[in-house]
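Chain and residue survey
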Amino acid sequence: MTPRSELRAGLRILILSAVFGVSLSGFGARAFAATTPSPSPSPAALRTIIRVRAKANRASRSRRQQYLSPFSGSVIGRNVIKHAGPISSIQSILNSSPSVEAFSFGGSGLVRTHLSFRGFNGGQFGETLDGVPLNGLFNGGVTNSASQRNATAFVTPLVESVNVYRGVNDPAHTSIDSLGGSVAYHLLDPAFKRSFGMVYNAGSGGDAIFNTGANAAGVRAVVGTGTGYYRGFQNNVPDWNHYIYGNLIVPVFRHSGFLRFIYNDDRNNGYVPHDVPNDAIPGASIATNGIAFQWPVNQTYSYNVAHTNLDLVDFVKQWSPEVATRLTFFRYLTDYSRSSYTDPTISYLPNSPSAPTFAQGWMNGTISSNPADFAYHLYHNSDQRLGFVARSTFYTSSKNTLKFGWQYVHGHEESAEYWGPTLGFVPQNTYNDAWYQPGNRNSIVQYAEDTYRAGKLLVEPGLRFDSVTTQSLTPYVGYFYSQTFSVGNSYAFFEPSLGLRYRFAKNLVAYLGTGTAFKPPEISAYYND
């Protein structure tokens with residue numbers, strides 16, 4: 001076997017399996033389609049693969065390479081992410097990509113991120129990690145946005161690259177939450193060479209990441225941990241974040257397959273200021289003090305506690321030069337709570353006008369007539385998802401590639417609101433809660449797409465089928481609900497797509513992408529049903 005053919009065989013395993021998160025569409029499928037069998041690559045060849053993959057990643061960020069797909073997309077590379085800084089949220093690094101706007105409130109980028117994508121809000125486009133959906137199960141937003149303001153899925157030092165897909169795209173890169181685009185994150189994978197990096201940010205913590213490199217059997221791992229404390233430039237808006245990360249890759253079947261294990265645990269505590277009208281606090285308002293205004297600690301803050309955990313197992317197998325499969329199992333958990341001061345005598349504070357009302361008709365009876373007993377509000381939201389993503393690629397010829405995928409996700413969410421007299425009051429269902437509402441949402445995604453090349457023409461037809469079943473429960477009578485109920489529905493969508501690209505000359509390419517997109521309703525659609 002010649003070095004050139006060995007290199008091509010190795011690249012097929014990398015590109016087809018996508019174990020490192022590289023897209024299967026575009027240059028990879030076209031350049032390395034094979035028609036004759038070849039042996040599995042040796043460990044030495046695998047080291048060559050990672051070097052070539054790094055060069056390909058750099059090339060994919062060039063302007064010319066973006067036109068190799070008929071759909072609109074771009075890559076945010078590692079260098080851009082490094083320059084974003086350690087306190088940037090995963091959403092804020094998307095600002096380097098056209099059509100995305102992201103900004104954060106509070107002392108750091110890890111606190112309450114607002115995100116929009118070509119006019120769509122955070123609940124109308126999807127964010128994924130290796131096929132795992134990161135959007136809130138019901139609340140129509142992404143983690144660290146919408147209702148879960150400090151739920152940090154992972155931090156920027158762990159992000160290897162990000163693919164941004166705009167508008168209609170091929171089925172493999174369309175999220176179930178997407179109406180106007182999808183974002184795909186790829187976490188830091190272990191390299192073949194040992195390394196250790198440590199960053200200390202004076203006054204705010206640091207990160208330490210160790211890469212074992214590959215041993216004689218090709219096993220390699222990367223582990224990381226970091227702690228950050230960010231005070232910001234205003235009083236009473238600090239934020240603290242801590243994470244532990246691990247990624248292990250084990251070659252199997254004589255290096256024709258890989259097992260990958262990812263563990264990421266992130267915990268965040270922080271304060272988020274509420275908006276205060278200019279005339280809300282006479283003598284201490286934004287209008288009076290300008291940029292010197294500082295948030296009052298006892299009136300306008302909300303205290304956020306979030307825990308996010310991701311467990312992922314990948315199995316990638318190159319069955320032959322023409323067939324590769326990837327099976328991903330995952331568990332994704334977020335647990336979030338937010339406490340805020342709701343002085344009923346100050347009308348502009350969130351929820352404060354409602355607090356005294358509960359004393360008159362609370363649950364099964366009046367528990368208090370003193371407004372001070374409702375001075376603090378607690379919102380709690382947690383959801384857990386279990387599922388798998390199965391993907392396969394078939395090189396039927398040097399000009400044609402077929403891709404199939406199947407995803408199943410079972411999700412369970414619990415959310416509730418409580419009122420109490422102190423910051424650390426004990427929440428009790430049927431006593432000091434306004435409502436408690438669990439729910440389930442299960443989804444099945446199936447897709448097929450074809451990539452055909454005929455000279456200067458590339459054609460990518462695709463068909464995707466989404467099936468979503470939702471059930472929202474109110475298990476007992478509460479303040480907002482006069483009777484118990486269960487409401488739910490099922491949706492099924494067919495989403496066809498077609499991409500065309502024609503290269504007239506080296507620097508003259510025309511491309512067209514068209515298709516349809518649907519998404520299930522947000523939780524607000526079930527509140528008043």
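Please refer to the structure placed before this passage.
The rules behind these values
- Residues numbered from 1 in each chain as written.
- Predicted model: local features only at pLDDT ≥ 70, side-chain atom pairs only at ≥ 80, totals over all residues.
- Heavy atoms only, no water.
- Phe/Tyr/Trp six-rings, centres within 6.5 Å; stacked < 30°, edge-to-face > 60°.
- Helix = DSSP H or I, 4+ residues; strand = E, 2+ residues; numbered from the N terminus.
- Buried < 20%, exposed > 50% of the residue type's maximum accessible area, 1.4 Å probe, protein only.
- Patch = residues over 30% accessible without salt bridge, like charges linked within 9 Å, V, L, I, M, F, W, Y side chains within 5 Å.
- Areas by Shrake-Rupley, 256 points an atom, 1.4 Å probe, with all protein chains shown as cover.
- Salt bridge = Lys/Arg side-chain N within 4 Å of Asp/Glu carboxyl O.
- 1 Å grid on protein atoms, 1.4 Å probe; cavity = no way out; pocket = protein on both sides within 12 Å on 5 of 7 lines; lining within 4 Å.
- Points joined across faces, edges and corners; volume = space filled by probe spheres on them.
- Nonpolar A, V, L, I, M, F, W, Y, C, P; charged D, E, K, R; others polar.
- Pairing = 2+ DSSP bridges.

1. So, the packing of aromatic side chains
Inspection of every chain in the model, using the stated rule, returns 14 aromatic pairs. Pairing Phe-196 with Phe-210 gives two aromatic rings, centres 6.3 Å apart and planes at 50 degrees, and the pair type is tilted. Of the two residues, Phe-196 is situated in strand 9 (residues 195-201) and Phe-210 in strand 10 (residues 205-211); the sequence distance between them amounts to 14 residues. For Phe-210, a relative accessible area of 31% gives the class partly exposed. Look at Phe-394 and Phe-404: their rings are 5.9 Å apart centre to centre, the planes differ by 70 degrees, and that puts the pair in the edge-to-face class. Of this pair, Phe-394 sits in strand 16 (residues 376-397) while Phe-404 sits in strand 17 (residues 400-420); the two residues are 10 residues apart in sequence, bridging distant segments of the chain. Here Phe-394 falls in the partly exposed class, since its relative accessible area comes to 29%. For Phe-404, a relative accessible area of 36% puts it in the partly exposed group.

2. A few points about a nonpolar patch on the surface
A contiguous nonpolar patch, built from Leu-457, Leu-498, Leu-500, Tyr-502, Phe-504, Leu-508 and Leu-512 and spanning about 590 Å² of accessible area, is present on the exposed surface. Counting only elements with at least two residues in the nonpolar patch, the list comes to strand 20 (485-505) and strand 21 (508-515). By residue number, the principal contributor to the nonpolar patch is strand 20, which donates four residues. The topology assignment puts Leu-498 in strand 20.

3. Some details on the layout of surface pockets
There is about 240 Å³ of room inside the second largest pocket. Surrounding the second largest pocket, 18 residues form its lining, Thr-113, His-114, Ser-145, Ala-146 and Ser-147 being those nearest its centre. The residue makeup of the lining of the second largest pocket, split by class, is four nonpolar, 10 polar and four charged.

4. Digging into the pairing of strand 9
Sheet topology note: the strand 9/strand 10 ladder contains seven bridges and is antiparallel. Bridged to Val-199 within strand 10 is Asp-207. Taken together, strand 9 and the strand that follows it, strand 10, pair antiparallel across an intervening segment of three residues, in which Gly-203 is found at a positive phi of about 85 degrees.

That's the geometry; what it means functionally is another story.
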